[in-house]
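Structural overview
The chain contents come next:
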Amino acid sequence: MTKDKLLLITFLVWLVTGCTNPAPVGINIIPQPEQQIPAKGYFTFNESTTIRIENQEQEPVARLLADLFTTSAGFNPIINANSSQTATITFSTNTALAEENYKLEITPSHISIEAADNRGFFYAVQSIRQLLPPAIESKTPAEGIQWNIPAVSLQDGPRFPYRGLLLDVSRCFIPKENVIKIIDYMSMLKLNKLHLHLVDDNGWRLEIKKYPRLTEAGAWRVEREKDFSQRKNAKAGEPTPVGGFYTQEDMKEIIAYAGARQVEIIPEIEMPAHTNSALAAFPELACPVVKDPIRVIPGMGGHGAEIVYCAGNDKVFSFLQDVLDEVMALFPSRYINLGGDEASKRYWKICPLCQARMKAEGFTDIEELQGYFMGRMAGYVKSKGREVIGWDELTNSKIPDDAIILGWQGLGTAGYKAGQMGHRFIMTPARVLYLIRYQGPQWFEPRTYFGNNTLENVYKYEPVQPEWDPEVAKKLIGVQGCMWTEFCSSADDVEYLLFPRLAAVGEIAWSGKDRKDWPGFLKRLDILTQHYDYLGVNYARSMFNLDHLVTGSNDTLKVALTCIRPDMEVRYTTDGSKPQAASTLYQDSLIVTGDLTIKAATFMNGEQKGKTLTLPLHWNKATARPVTNGNEQSYRLTNGLRGSDKQSDFEWSGWYGKDASFTIDLGKTDSFDKVTIGCMTNYGMGAHLPKQIILSVSDDNQTFTRIAERSFTPEQIFREGIRIEDQFFDNLKASGRYLRVDLKNPGKCPEDHTRPGQGSWVYIDEVIIK
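Source: prediction; values computed, not measured. (Residues numbered from 1 in each chain as written. Predicted model: local features only at pLDDT ≥ 70, side-chain atom pairs only at ≥ 80, totals over all residues. Heavy atoms only, no water.)

Here we take up the sheet that holds strand β7 (residues 147-156). Strands sit in the order β1-β7-β5-β6-β4-β2-β3 across an open sheet of 7 strands; the sheet is mixed. The open sheet has two edge strands, β1 (35-45) and β3 (78-80), and neither has a second partner. Across the sheet, the mean angle from the axis of one strand to that of its neighbour is 20°, orientation sign disregarded. (Pairing = 2+ DSSP bridges. Helix = DSSP H or I, 4+ residues; strand = E, 2+ residues; numbered from the N terminus. Axes fitted to C-alpha atoms, helices over the stretch in contact; angles between N-to-C directions.)

Shown next as structure tokens:
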């Protein structure tokens, strides 16, 4: 059957059934297959099921299919390579199919799998795995289940050849057994590249036999109970109990497991920055002007993170070549990632060796020195028959020949820039595909940073932008989700942030943009997460939680509740009781004119799905009054709702590196005695008390009279920790229609801060006037 005929039949089936969901009922596969035609009936796996393969090369993939049934079903389909023997499942090579493509024909009596290579056969098996009852993943015998899969005809293949996941094992070491689990779960989604971030300031994670000190010293850091952004650097003599590394035998096991599941492990050996773990072991590889002791960094590192390899020292290049020799001998991957991102030039600018290198090479711009560094190491990797990947900072100077660029900053536009320069590129924009960001309403999530990348944000991301030149777009070889682990302390934390968002990454990478269907994806995801339940995956249920928006106008508050899932009912109460399936159905924004506590949650088929959202709304003279001369978030200052201790939870109004002023219009001249200004400290994120708060009143919004002020010392401002620090102004005996609040920014963070020399944020929540 030709592809055109198959498409025509699919369209006719759609017309007859009136289907609005491109995934037929019962065909719950992620990522969405390219073409699918449902048929009548089911194929049933049982003790009589047999699998016929053509050759021994197909046996490992067939074995993966057969082994699915060992524990949960209590039988194993027999595999044979006898072409004359009948079988209920057949593997057939079809060289007319493209790489990784497959055809899957399921009838009540037979399953036919066609592919050009083992990758295609493997992906067909993953589709069968998802079509099976989720109990197929059970770690104990599952009783009373018919192992049926729906009859269907599938023809499928990937949109992009590179479908990746970055796993940062440096910031939080992830044990071998957990990496293997992640490989299993990602391959189920037809992702085929695991980019292992093995090296960073926070730990060197791979045994290098020529340099054992890399793991003896570089794989371990001091214990710090605070989260990543709050952690201070190690002091002399402190023990370093936190860390771990993979022996080369460990890594061989990981690589073999991944290879059997069609996943290519891509090692990243960072340079010239993010290398304190190496320099802690070999400080002589830093610039000689560095006088501070170099240690593995437990957190952000302050100025310590500005220490990088010396670009003028030839011993650095010899060392890195030795390391890469062992890496390339260990990893069969065609790709080697050399990093190249976020390299401070602080020491290069004053290092005599680096300056001599620049003079000898005729460089006038310090960025050219990084281009030299990366070009020299990339040339070495290329000389060994491998290809180089690097981060998009490589576009700041001469990009190494044939290097593949990861577009990460913002929306990844520097990746496209590399494409315009003739380089292949991969899209992994931080604003969408960095999975360290919050995946749901922040009131319910463990602390991380940098805002939200929800399941819906990830799913609806389209890597090819409409304004792109079609010829440049051809240079895009794929997409990658990045799981950075700064705010993780265990493998469970990593799983929680990865899943189920990784399913959305898989669909972006495999399925065409014309197959995007958010409601249909959610239905398929609900089946996939049932597989995860049996597998014991610690996946997040954030997609069921409610977001809120409370705004004030004309002395009333409007409360809007939303969920990224359109198939949820929202039920709420206002009497303090927990919402139930029979509670009032939320249909439109709620109008509030006085103190009220709203409790709400999502429900499906009478079952509560999300956590209960509690919104205690409290009234004062400023509530629901307009705020002028502030910023676009200033409505949060008078919306009657206090924020959490997460400054990015959409209840705080923030100003970075500058003074701020805003005015609240009380609507009429009124007297008041007390003003509370809600302030926030998050030391690690550079959020601190203002240097000064000034309160002034006016009747005409022109002439203001100062009624109170308060100043803070640097010791008060730059205290460590995370806390809400309300500032109370009492006994004001003031009167006026307008209250103006002036905030003086505290200036740059001090030298002993985790963000030395960086600007400060001032965050203000509710202004309460009584």
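Read on, since the account is not over.
Strand order in the closed barrel formed by 8 strands is β8-β9-β14-β15-β16-β17-β18-β19, with parallel pairing between adjacent strands. When the angles between neighbouring strand axes are averaged without regard to direction, this sheet yields 30°. Strand direction decides the pairing type here: strand β15 (residues 335-339) and strand β16 (residues 387-391), joined by 3 bridges, are parallel. Across the sheet, the residue bridging to N337 is I389, located in β16. Contacting β8 (162-168) and β19 (476-483), helix α16 (residues 501-510) crosses the sheet at an angle of about 150° to β8. (Contact = heavy atoms within 4.5 Å.)

This part takes up empty space enclosed by the protein. If you walk through the whole model with that rule in mind, you get 2 cavities of 30 Å³ or more. What the largest cavity holds in volume is close to 40 Å³. Residue lining of the largest cavity: S229, Y438, R447, T448, F487, K646, Q647, N682 and M685, and that is the complete set. A per-class count over the lining of the largest cavity returns 3 nonpolar, 4 polar and 2 charged. Considered as a void within the structure, the second largest cavity measures approximately 40 Å³ in volume. What lines the second largest cavity is Q439, L455, P500, R501, A540, R541, S542 and M543. Partitioning the lining of the second largest cavity into residue classes produces 4 nonpolar, 2 polar and 2 charged. (1 Å grid on protein atoms, 1.4 Å probe; cavity = no way out; pocket = protein on both sides within 12 Å on 5 of 7 lines; lining within 4 Å. Points joined across faces, edges and corners; volume = space filled by probe spheres on them. Nonpolar A, V, L, I, M, F, W, Y, C, P; charged D, E, K, R; others polar.)

Let us look at the packing of helix α4 (residues 176-188) against helix α15 (residues 491-498). Viewed as axis vectors pointing N to C, α4 and α15 meet at an angle of 15°, and their least axial separation amounts to 11 Å. By the angle between their directions, the pair α4 and α15 is classed as roughly parallel. With respect to the hand of their crossing, α4 and α15 are arranged in right-handed fashion. On the side of α4, the interface is formed by N178, K181, I182 and Y185, while α15 contributes A491, V494, E495 and L498. In terms of residue class, the contact of α4 with α15 is built from 5 nonpolar, 1 polar and 2 charged. (Parallel < 35°, antiparallel > 145°, perpendicular 65-115°, else oblique. Left-handed = near helix turned anticlockwise from the far one by under 90°.)

With that settled, consider the nonpolar core. Membership of the largest hydrophobic core comes to 168 residues, with the highest contact counts inside it found for Y309 and F373. Beyond its immediate chain neighbours, meaning those up to four positions away, F373 contacts M271, P272, Y309, C310, A311, V316, F317, L320 and W348. One finds L65, I111, I113 and Y123 within the second-largest nonpolar core, a separate group that totals 39 residues. (Core = buried A, V, L, I, M, F, W, Y, C linked by side-chain atoms within 4.5 Å. Buried < 20%, exposed > 50% of the residue type's maximum accessible area, 1.4 Å probe, protein only.)

Here the focus is the packing of aromatic side chains. Taken as a whole and assessed by the stated rule, the structure comprises 35 aromatic pairs. Seen from their ring centres, F69 and F75 are 5.4 Å apart, and the 20° between their planes marks the pair as stacked. A relative accessible area of 0% means that F69 is categorised as buried. Put simply, the rings of F317, W348, F363, Y372 and F373 touch in pairs and so form one group of aromatic residues. One residue, K609, lies across the ring of F544, its end atom 5.1 Å from the ring centre. We note R710 situated over the ring of F729; from NZ or CZ to the ring centre the distance is 4.2 Å. (Phe/Tyr/Trp six-rings, centres within 6.5 Å; stacked < 30°, edge-to-face > 60°. Lys NZ or Arg CZ within 6 Å of the ring centre and 35° of its normal.)

Helix length check: helix α8 (residues 314-330), at 17 residues, gives a terminal C-alpha distance of 25 Å against a target of 24 Å (1.5 Å per residue), a fit within 8%. Along α8, the positions that sit buried rather than exposed are V316, F317, F319, L320, D322, V323, L324, E326, V327, M328 and L330. Two or three places before K315, at the start of α8, stands the capping residue N313, its side-chain oxygen 2.9 Å from that residue's backbone nitrogen. (Expected span 1.5 Å × (residues − 1). Polar contact = N/O pair within 3.5 Å; in protein donor to acceptor, adjacent residues only side chain to side chain.)

To continue, consider the pattern of salt bridges. Scanning the entire structure with this criterion turns up 48 salt bridges. With its nearest N and O atoms 2.9 Å apart, the salt bridge here joins D555 to R625. Here D555, found in the loop between β20 (547-553) and β21 (556-562), pairs with R625, found in the loop between β27 (613-617) and β28 (627-628); they are 70 residues apart in sequence, far enough to count as distant. For D555, a relative accessible area of 40% gives the class partly exposed. D665 is the salt-bridge partner of R737, the closest N and O atoms lying 2.8 Å from each other. Taken together, the positions of R737 in strand β36 (residues 734-744) and D665 in strand β30 (residues 660-672) put the pair 72 residues apart, joining distant regions of the chain. Given the relative accessible area of 26%, R737 is considered partly exposed. (Salt bridge = Lys/Arg side-chain N within 4 Å of Asp/Glu carboxyl O.)

Let us now look at the side chain of T275. You can see T275 is positioned in the loop between β14 (264-271) and α7 (276-281). Residue classification places T275 among the buried residues on the basis of a relative accessible area of 0%. One polar contact links the side chain of T275 to the main-chain carbonyl oxygen of P272, over a distance of 3.1 Å. Sequence-distant contacts of T275, that is, excluding residues within four places in its chain, are made with D201, E270, I307, V308 and Y309.

Counting buried residues along β8, 7 of its 7 residues qualify, which places the element largely inside the surrounding structure. In terms of strand pairing, β8 meets β19 through 6 bridges, oriented parallel. Each bridged residue has a counterpart across the sheet, and for G164 the counterpart in β19 is Q480. Two elements, β8 and strand β9 (residues 193-197), share 5 bridges in a ladder whose sense is parallel. The residue of β9 that forms the bridge with L166 is H195. Regarding the hand of the β-α-β motif, the stretch spanning β8, α4 and β9 is right-handed. (Right-handed = clockwise from strand over helix to strand, strands pointing away.)

As paired strands, β20 and β21 are joined by 7 bridges and run antiparallel to one another. Bridge pairing in β21 links T551 to K558. Connecting the antiparallel pair β20 and β21 is a turn made up of 2 residues, with N554 showing a positive phi of about 55°. Across 3 bridges, β21 lies against strand β24 (residues 590-592) in antiparallel orientation. Each residue of the ladder has a partner; that of K558, found in β24, is I591.

Take unusual backbone geometry next. The linkage connecting I30 with the following residue, P31, adopts the cis geometry, with an omega of 5°. Relative to the assigned elements, P31 resides in the loop between α1 (3-17) and β1. Residue P272 follows M271 across a cis peptide bond; omega there is -10°. Its location among the elements puts P272 in the loop between β14 and α7. You will see that E100, though not glycine, has its phi angle at about 70°, which is positive. The phi dihedral of D402 falls on the positive side, at around 65°, and the residue is not glycine.

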